[in-house]
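Overview (structure and organization)
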Amino acid sequence: QVQLEESGGGLVQPGGSLRLSCAASGSIFSIKAMGWYRQAPGKQRELVAVVTNSGRTNYGDSVKGRFTISRDNAKDTVYLQMNSLKPEDTAVYYCNADVSNGILVYESWGQGTQVTVSS
């Protein structure tokens, strides 16, 4: 079993920055992709950013140029640096990881962390 622990959410003014972190622990042989999704009230969960174990990244269109995803493979941790935040970035942000235990690959989700952008 794998646990994903998120941190770094909170309240920030428009134009501000936040950094989210997500650390994986448990039965980990290797982690393939790690990423962030978000869900605003009344909306579907959407991709924010994802990074593979080789460092390839992919971003949702609404965050390109403002958010940066990075990963520390030695710590099984993924980060999301969010700059130039807008009110429409307000959502619960969920960490996601595809984790292998050496036999199977499991998709794991964190509990979510609230990000609120408001003046």
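The structure this text deals with has already been given above.
All of the points below concern the structure found in this document. (Residues numbered from 1 in each chain as written. Predicted model: local features only at pLDDT ≥ 70, side-chain atom pairs only at ≥ 80, totals over all residues. Heavy atoms only, no water.)

1. Here's the deal with the sheet that holds strand 8 (residues 77-82)
Heads up, the rule is: One bridge is not enough; two strands pair if DSSP finds at least two bridges between them. Helix and strand definitions follow DSSP, with helices as H or I runs of at least four residues and strands as E runs of at least two, each counted in order from the N terminus. Here an angle of 0 to 180 degrees is reported between the N-to-C directions of two axes, which are lines fitted to C-alpha atoms, with helices fitted over the stretch in contact.
Judged by pairing direction, the sheet is antiparallel, and its 4 strands sit side by side in the order 1-3-8-7 without closing on themselves. Either end of the sheet is taken by a strand with one partner, and the two such strands are strand 1 (2-7) and strand 7 (67-72). Each neighbouring strand pair of the sheet contributes to a mean axis angle of 15 degrees, computed without reference to strand direction. Pairing of strand 7 with strand 8, which is carried by 6 bridges, proceeds in the antiparallel orientation. Note on strand 8: the bridge partner recorded for Asp 72 is Thr 77.

2. Side note on the environment of Ser 17
The line we're drawing: The buried label goes to any residue with under 20% of its type's maximum accessible area, the exposed label to any with over 50%, and the partly exposed label to all in between, with areas taken from a 1.4 Å probe on protein chains only. Note on contacts: a residue pair is in contact if any heavy atoms of the two residues lie within 4.5 Å. Definition of a polar contact: a pair of N or O atoms within 3.5 Å, with one able to donate and the other able to accept a hydrogen when the atoms are protein atoms, and with sequence-neighbouring residues admitted only if both atoms are side-chain atoms.
Examined against the element boundaries, Ser 17 turns out to sit in the loop between strand 2 (10-12) and strand 3 (18-26). Judged by its relative accessible area of 40%, Ser 17 is partly exposed. Separated by 99 residues in the primary sequence, Ser 17 and Thr 116 have C-alpha atoms spaced 11 Å apart. The residues contacting Ser 17, other than those within four sequence positions of it, are Val 12, Gln 81, Met 82, Asn 83, Ser 84 and Leu 85. Within polar-contact distance, the side chain of Ser 17 engages the side chain of Asn 83 at 2.9 Å.

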